[in-house]
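The primary structure of each chain is shown beneath.
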Amino acid sequence: MADSPSNPARRRFLTGAATAVGAVGVGFAAVPFLSSFQPSAKAEAAGAPVDVNIAKLSPGQMTTVSWRGKPVYVVHRTDRMLEFLPELNDEVQDPDSRVVDQQPPFAANIYRAREESKRYLVVVGICTHLGCAPTYRPEVAPDDLGDDWKGGFFCPCHGSKFDISGRVYKGVPAPTNLEVPPYVYVSSDIGDIIRVGGTEEEAA
């Protein structure tokens, strides 16, 4: 009979139809899978430089911005904060920033900043121990941190301490200094700008 299951022509037709339907299904399923490899606008923007207006950042104040999904602390240090730094060289693990992957070459100094603008500190606000967010503690000799505390960053999760240059103290869980991201100063109509993630070609 023409419609018998053993009919070769009918079997070839059914097999071909099933294959075609399956191929179409795979094609539709692949669309969201392949599209996941295309970077979203948000993902592309996450790597873009971020401008920080420091014109209104008073001495002693800190502001936080997000760059590449990380918090970045920008601190306007006071003269007193800068004066304390040489006194802490024996208390911190890497006083001269010799761990080269923790900062750009221009920040390999006790200020961990550009020499011409050392008053401003720019660091990634992620503890180098387990990735917690250290808190900004600018006060001197608070009761909970002791008489030798000269201001800096304290990680309450596991007790790591960093000075006001982001240099890690000896004897704490964090192994290295806070990271200094690349940054430059750029000219702007609205005041002084630090461009986190900026290149030297963009510098003012």
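Residues numbered from 1 in each chain as written. Predicted model: local features only at pLDDT ≥ 70, side-chain atom pairs only at ≥ 80, totals over all residues. Heavy atoms only, no water.

## Some remarks on the overall build of the protein
Argument step 1. When helices and strands are tallied, the protein shows three helices and nine strands.
Argument step 2. Along the chain direction, N to C, the helices and strands of the protein fall in the order α-α-β-β-β-α-β-β-β-β-β-β.
Argument step 3. Here the protein, with 204 residues, has 37% of them falling under the buried criterion.
Argument step 4. Considering only residue pairs separated by 6 or more positions, the protein has 52% of its internal contacts joining residues 24 or more positions apart.
Argument step 5. Entry remark: accessible area of the protein is about 11,500 Å², with carbon and sulfur atoms responsible for 57%. (Helix = DSSP H or I, 4+ residues; strand = E, 2+ residues; numbered from the N terminus. Buried < 20%, exposed > 50% of the residue type's maximum accessible area, 1.4 Å probe, protein only. Contact = heavy atoms within 4.5 Å. Areas by Shrake-Rupley, 256 points an atom, 1.4 Å probe, with all protein chains shown as cover.)

## Observations regarding the pairing of strand β2 (residues 62-67)
Argument step 1. Pairing between β2 and strand β3 (residues 70-76): six bridges, direction antiparallel. Bridging across to β3, T64 finds its partner in Y73.
Argument step 2. Here β2 folds back onto β3 in antiparallel fashion, the turn holding two residues, of which R68 has a positive phi close to 55°. (Pairing = 2+ DSSP bridges.)

## What about unusual backbone geometry?
Argument step 1. Even without a glycine there, the phi angle at S97 is positive, about 55°.
Argument step 2. As for its placement among the helices and strands, S97 is situated in the loop between α3 (79-84) and β4 (120-124).
Argument step 3. With relative accessibility at 3%, the residue S97 sits in the buried group.
Argument step 4. A positive phi is found at R112, a non-glycine position, where the angle reads about 55°.
Argument step 5. What makes R112 buried here is its relative accessible area of 0%.

## Describing the packing of aromatic side chains
Argument step 1. Tallied over the full model, the rule gives five aromatic pairs.
Argument step 2. When the ring of W149 is compared with that of Y169, the centres are 5.9 Å apart and the planes differ by 25°; the resulting orientation is stacked. Taken together, the residues W149 in the loop between β5 (135-137) and β6 (152-154) and Y169 in the loop between β7 (161-163) and β8 (183-186) connect sequence positions 20 residues apart. You'll find W149 and Y169 in the same group, each marked buried. (Phe/Tyr/Trp six-rings, centres within 6.5 Å; stacked < 30°, edge-to-face > 60°.)

## What to know about the side chain of D163
Argument step 1. Position of D163 among the secondary structure elements: in strand β7.
Argument step 2. With a relative accessible area of 0%, D163 lands in the buried category.
Argument step 3. There is a polar contact of 2.8 Å between the side chain of D163 and the backbone nitrogen of S165.
Argument step 4. Among residues more than four places away in sequence, those in contact with D163 are L85, L88, V92, G151, G152, F153 and Y169. (Polar contact = N/O pair within 3.5 Å; in protein donor to acceptor, adjacent residues only side chain to side chain.)

## Observations concerning the sheet that holds strand β9 (residues 193-196)
Backbone hydrogen bonds are what pair the strands of a sheet, in a parallel or an antiparallel way.
Argument step 1. Judged by pairing direction, the sheet is antiparallel, and its three strands sit side by side in the order β1-β9-β8 without closing on themselves. Edge positions in the sheet fall to β1 (50-53) and β8, since each has one partner strand and no second. Adjacent strand axes in the sheet meet at a mean angle of 30°, parallel and antiparallel pairs treated alike.
Argument step 2. In this sheet, β9 lies alongside β1 in antiparallel orientation, the contact comprising four bridges. Each residue of the ladder has a partner; that of N53, found in β9, is I193. (Axes fitted to C-alpha atoms, helices over the stretch in contact; angles between N-to-C directions.)

## Things to note about the sheet that holds β2
Argument step 1. The sheet built from three strands is open, its strands ordered β2-β3-β4 with antiparallel pairing. Edge positions in the sheet fall to β2 and β4, since each has one partner strand and no second. Taken pair by pair, the neighbouring strands of this sheet meet at an average axis angle of 20°, ignoring direction.

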